[in-house]
Amino acid sequence: MSVASIQSRRAWLLSERPASRLQARLGRAYVAWRRFSANRLALVGMLIIVALLVVAAFADVLAPYSPTVGDLKNARLLPPGAAHWFGTDDLGRDIYSRVVYGARWTLYVVILVAIIAAPIGLLVGTIAGYAGGWTDTILMRITDIFLAFPKLVLALAFVAALGPGIENAVLAIAITSWPPYARIARAETLTVRNSDYIKAVQLMGASPFRIVLRHIMPLCISSLIIRVTLDMAGIILTAAGLGFLGLGAQPPLPEWGAMIASGRRFILDQWWVAAAPGAAILIVSLGFNLLGDGLRDALDPRSGDQ
């Protein structure tokens, strides 16, 4: 592709008067990518998350051993080596294979929590911000009640009531994660609900439900995506904490928090049992934080073109 062709396409994307919605959307996406790619740490975070996705997708290929079946007689608590890169645990299971398969459970938790919590927070926040009055007061006081408790403590209470298990842990984390999203959505709604754009839609006869669903919620999506991405690290840590306490994923599932819990008994002499899943949690959490920071800069509508 010639330099002139590249420059022509760039000018088309950056046109101040796009000829179609597609051109406008592609132009916004291009500008957002330029802002994002200018942040080198954000690119590092994106690479970490892409690597997590690849590892989770191809765990069957990347893991040389079963994550649940070990050799208790010949491979118990072996140090890292050529046969077992991360060593083995107290049941003779390959830790590298368990960490690789654990990526699937990590993605399972964060994706389900985001799918459940984000829409709830978006719906509650936009309704409260647009309706105002008693509706706003009641919904925000309920939100304040959830925000008054530490997330892990509240999640522990819900899991204790529901029973241990990965599904109940996901539900408990989702129940405790939606209030910040509701606050963000309400703040965005209060900013735009009296704007000329919304007034024009009201004059055209649109119902409040349609205004909230079609015209206010889309304006809150970018801020919500940023917050959800930044919260992924906290979700991973909360899930790992529940697994560590025995209330999350149950044995023999290769969940990172549960792996750390089983390795704490050997932390002084066989450090690798807990170190490998701990390092995985650290790296993935760092990746989500770096990615969220980059998305915040890229999707901020108040930022000018870099």
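Cut-offs used in this document
Residues numbered from 1 in each chain as written. Predicted model: local features only at pLDDT ≥ 70, side-chain atom pairs only at ≥ 80, totals over all residues. Heavy atoms only, no water. Helix = DSSP H or I, 4+ residues; strand = E, 2+ residues; numbered from the N terminus. Buried < 20%, exposed > 50% of the residue type's maximum accessible area, 1.4 Å probe, protein only. Contact = heavy atoms within 4.5 Å. Areas by Shrake-Rupley, 256 points an atom, 1.4 Å probe, with all protein chains shown as cover. Lys, Arg positive; Asp, Glu negative; His and termini not counted. Charge placed at Lys NZ, Arg CZ, Asp CG, Glu CD. Core = buried A, V, L, I, M, F, W, Y, C linked by side-chain atoms within 4.5 Å. Axes fitted to C-alpha atoms, helices over the stretch in contact; angles between N-to-C directions. Parallel < 35°, antiparallel > 145°, perpendicular 65-115°, else oblique. Left-handed = near helix turned anticlockwise from the far one by under 90°. Nonpolar A, V, L, I, M, F, W, Y, C, P; charged D, E, K, R; others polar.

**Q** Can you lay out the overall build of the chain for me, pointing to particular residues and giving the numbers?
**A** Broken down by element type, the chain carries twelve helices and zero strands. Principal axes of the C-alpha set define a box for the chain whose edges measure 75 × 60 × 25 Å. Taking all 306 residues of the chain together, 43% fall into the buried category. Taking the intrachain contacts of the chain between residues at least 6 apart in sequence as the baseline, contacts between residues at least 24 apart amount to 70%. A total accessible area of about 16,300 Å² is found for the chain, and carbon and sulfur atoms account for 66% of it. One way to put it: in the chain the 27 positive side-chain charges average out to a point 8 Å from where the 18 negative ones average out.

**Q** If you had to explain the nonpolar core to someone new, which residues and values would you point to?
**A** Counting 68 residues, the largest nonpolar core has Val109, Val113 and Trp256 as the members making the most contacts within it. If we skip the residues at most four places from it in the chain, valine 109 touches Ile166, Val170, Ile173, Ile235 and Ala239. Counting five residues, the second largest nonpolar core, distinct from the first, contains Ala59, Ala63, Tyr96 and Val100.

**Q** Could you give an account of the packing of helix α3 (residues 40-57) against helix α5 (residues 95-131), naming the residues involved and the relevant values?
**A** It is the contact of α3 with α5, at a shortest axis distance of 8 Å, that shows an interaxial angle of 110°. The orientation of α3 with respect to α5, classified from their angle, is roughly perpendicular. Crossing handedness for the pair α3 and α5: left-handed. On α5, the residues that touch Leu52, Leu53, Val55, Ala56 and Ala57 of α3 are Val100, Ala103, Arg104 and Leu107. Of the residues belonging to the contact of α3 with α5, the class tally is eight nonpolar, no polar and one charged.

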